[in-house]
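Okay, here's what each chain looks like letter by letter:
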Amino acid sequence: RPPRSTLFPYTTLVRSYALSSMVWDQEGNTTTYVNLFADLGVQSIDHENAREFVGAADIWLHEGSLYVAEGVALTITRFTVEDGELVEHEKIGFSDFGITDFGFWRNVFVAPDKAYFLSGTSEYIVWNPKEMSIEGTFDVPALPARDGLTPFPGYSDRAAIVRGNRLYQPVYYTDPDESYFVMDPGSSLLVVDIEKDEVLEVLELPCPGIDFASQDSDENLVFSSWVFAPGGAAVIDQPNTCVVQLAAGSDEPEVLFDVADLTDGRQGGMFRYLGNGKAFLTVLHSEREDSEDPSTVADGPNWKFWLYDIESGTAEPSDAFDFSAGAAYDVSVDGKKQLLVPSGDYSSTKLYEVNADGTSKPQFTSPGWSLRLFELP
């Protein structure tokens, strides 16, 4: 390949983006890399000059600062970017709260000086990202198990969403011992007042495994599943996946459709508004894998984006993407919608620029599973 100075001449480099990626070795150990770079275009990004974190770490950009949550240390550190390098500032620890799952997938920034970190289904930890201090906690109402299935909160980075002064946080009911593929037919939705720091009510969503949210320009909220409910429904006779809406100005859930009714009997979720009357569904083509193990089917290159037409209520496979793993993350950089789409074995991730009509433009590829991409100030 060309020498590094040709690809990234240090004399003119302005690092404008931050990307985080998790990589697993042969023993299953996790390392997280944070790359700073200047160009989203077609290229292969390596981790040679990345900042390395032991275990699963996560990044988030908020109010001009880059925050890093380290799962091993249970800390959040505020960084700034100076002369193209990450510069460490204040750090706060969360080890006093009994947290076992630590990343920004459990966190929501609700104001410039306020964020909520969800500890299981017991409480929210209120912290101040401006002052880097923990301000207190407030309780989540007790959610009893359902037929032996325990409540499990959807990941806040993809499933929780703020509308007005309300935060909506899904919780579904599953058996973690069965790798989250066994589901109750319904899910719960916490409605949180982000001014008073309290849970106002718990709504019932009549769909399994709700773990993804999307909002259109009219403030309609749509909730759907992640990769687990489709895998269980497709392979081990679990409840069918569906998509549920909270229309603008309403907290009354209504089922929009069963996914199988639009996809020739297939299961899926991850309903994403694109604009222009279009949305994406991520659909599991379980027929591609001859296995009775939902993990084998759902964790492989068996997912396809389908383009959903909101006016007609129909969907069809999109030719803008190949088959891939299902766990693609949304990002927005340069004022454009982007998708970080992992390869079938999560060994690499490709960035795509996505247009409102569902067409895509492939961009860089990075080793590992990339969840975050931010445009730096």
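Rules of the game
- Residues numbered from 1 in each chain as written.
- Predicted model: local features only at pLDDT ≥ 70, side-chain atom pairs only at ≥ 80, totals over all residues.
- Heavy atoms only, no water.
- Helix = DSSP H or I, 4+ residues; strand = E, 2+ residues; numbered from the N terminus.
- Core = buried A, V, L, I, M, F, W, Y, C linked by side-chain atoms within 4.5 Å.
- Buried < 20%, exposed > 50% of the residue type's maximum accessible area, 1.4 Å probe, protein only.
- Contact = heavy atoms within 4.5 Å.
- Pairing = 2+ DSSP bridges.
- Axes fitted to C-alpha atoms, helices over the stretch in contact; angles between N-to-C directions.
- Salt bridge = Lys/Arg side-chain N within 4 Å of Asp/Glu carboxyl O.
- Phe/Tyr/Trp six-rings, centres within 6.5 Å; stacked < 30°, edge-to-face > 60°.

(A) Summary view of the environment of L36. Looking at the element boundaries, L36 is found in strand β2 (residues 30–37). Sequence separation between L36 and G84 is 48 residues, and the spatial gap between their C-alpha atoms is 7.3 Å.

(B) Fine view of the nonpolar core. Grouped together as the largest cluster of nonpolar side chains are 22 residues, with contacts concentrated most on W226, M270, W303, Y329, W369 and L371. Every residue in contact with L371, bar those within four places of it in the chain, is listed here: S20, M22, W105, Y329, V331 and L340. Counting 19 residues, the second largest nonpolar core, distinct from the first, contains L143, A160, V182 and V199.

(C) Expanded view of the pairing of strand β18 (residues 221–225). β18 sits mainly inside the fold: 5 of its 5 residues count as buried. Pairing between strand β17 (residues 210–215) and β18: 5 bridges, direction antiparallel. Bridge assignment links Q215 to a residue of β18, and that residue is L221.

(D) Structural view of the sheet that holds strand β23 (residues 303–309). The strand order β21-β22-β23-β24 describes an open sheet built from 4 strands, whose pairing is antiparallel. Strands with a single pairing partner mark the edges of an open sheet, and in this sheet they are β21 (267–275) and β24 (314–317). Averaged over all pairs of adjacent strands, the angle between strand axes in this sheet comes to 30 degrees, irrespective of strand direction. For β23 and β24, the ladder comprises 4 bridges, and the chain directions are antiparallel. For W306, the partnering residue across the bridge sits in β24 and is P317. Against the sheet, helix α3 (residues 228–235) makes contact with β21, β22 (278–284) and β23, and its axis sits at roughly 140 degrees relative to β21, the strand it touches most.

(E) Main features of the pattern of salt bridges. Applying the stated criterion across every chain yields a total of 18 salt bridges. Close ionic contact of K114 with D197 constitutes a salt bridge, the shortest N to O distance being 2.9 Å. Pair noted here: K114 is in strand β9 (residues 114–119) and D197 is in the loop between β15 (183–193) and β16 (198–205), with a separation of 83 residues, a long-range link. Residue class for D197 comes out partly exposed when judged on its relative accessible area of 23%. Overlapping salt bridges bring together R51, E88 and K91 as one network.

(F) Local environment of the pairing of β21. Among the 9 residues of β21, 8 are classified as buried, and the element is accordingly described as predominantly covered. One ladder, built from 6 bridges, connects β21 with β22; its direction is antiparallel. Bridge assignment links G275 to a residue of β22, and that residue is K278. Where β21 folds back on β22, the antiparallel hairpin that results is connected by 2 residues, among which N276 adopts a positive phi of roughly 55 degrees.

(G) Geometry of the packing of aromatic side chains. According to the stated counting rule, one finds 34 aromatic pairs in the structure shown. Between the aromatic rings of Y67 and W127, the centroid separation amounts to 6.1 Å while the plane-to-plane angle is 75 degrees, which identifies the pairing as edge-to-face. Taken together, the positions of Y67 in strand β5 (residues 65–70) and W127 in strand β10 (residues 123–128) put the pair 60 residues apart, joining distant regions of the chain. Accessibility classification places Y67 together with W127 in one group, the buried group. Seen in terms of ring centroids, F109 and W127 are 5.6 Å apart; in terms of plane orientation they differ by 65 degrees. Their pairing is edge-to-face. With F109 in strand β8 (residues 107–111) and W127 in strand β10, this residue pair connects regions lying 18 residues apart in the sequence. We classify F109 as buried; its relative accessible area is 16%.

(H) View of the sheet that holds β8. Read from one edge to the other, the open sheet built from 4 strands follows the order β8-β9-β10-β11, with strand pairing classed as antiparallel. For this open sheet the edge positions go to β8 and β11 (133–139), each flanked by a neighbour on one side alone. Each strand axis lies, on average, 25 degrees off the axis of its neighbour in the sheet, ignoring direction. Where β10 lies against β11, 6 bridges are found, and the strand directions are antiparallel. Residue pairing for β11: E123 is matched across the bridge by D139.

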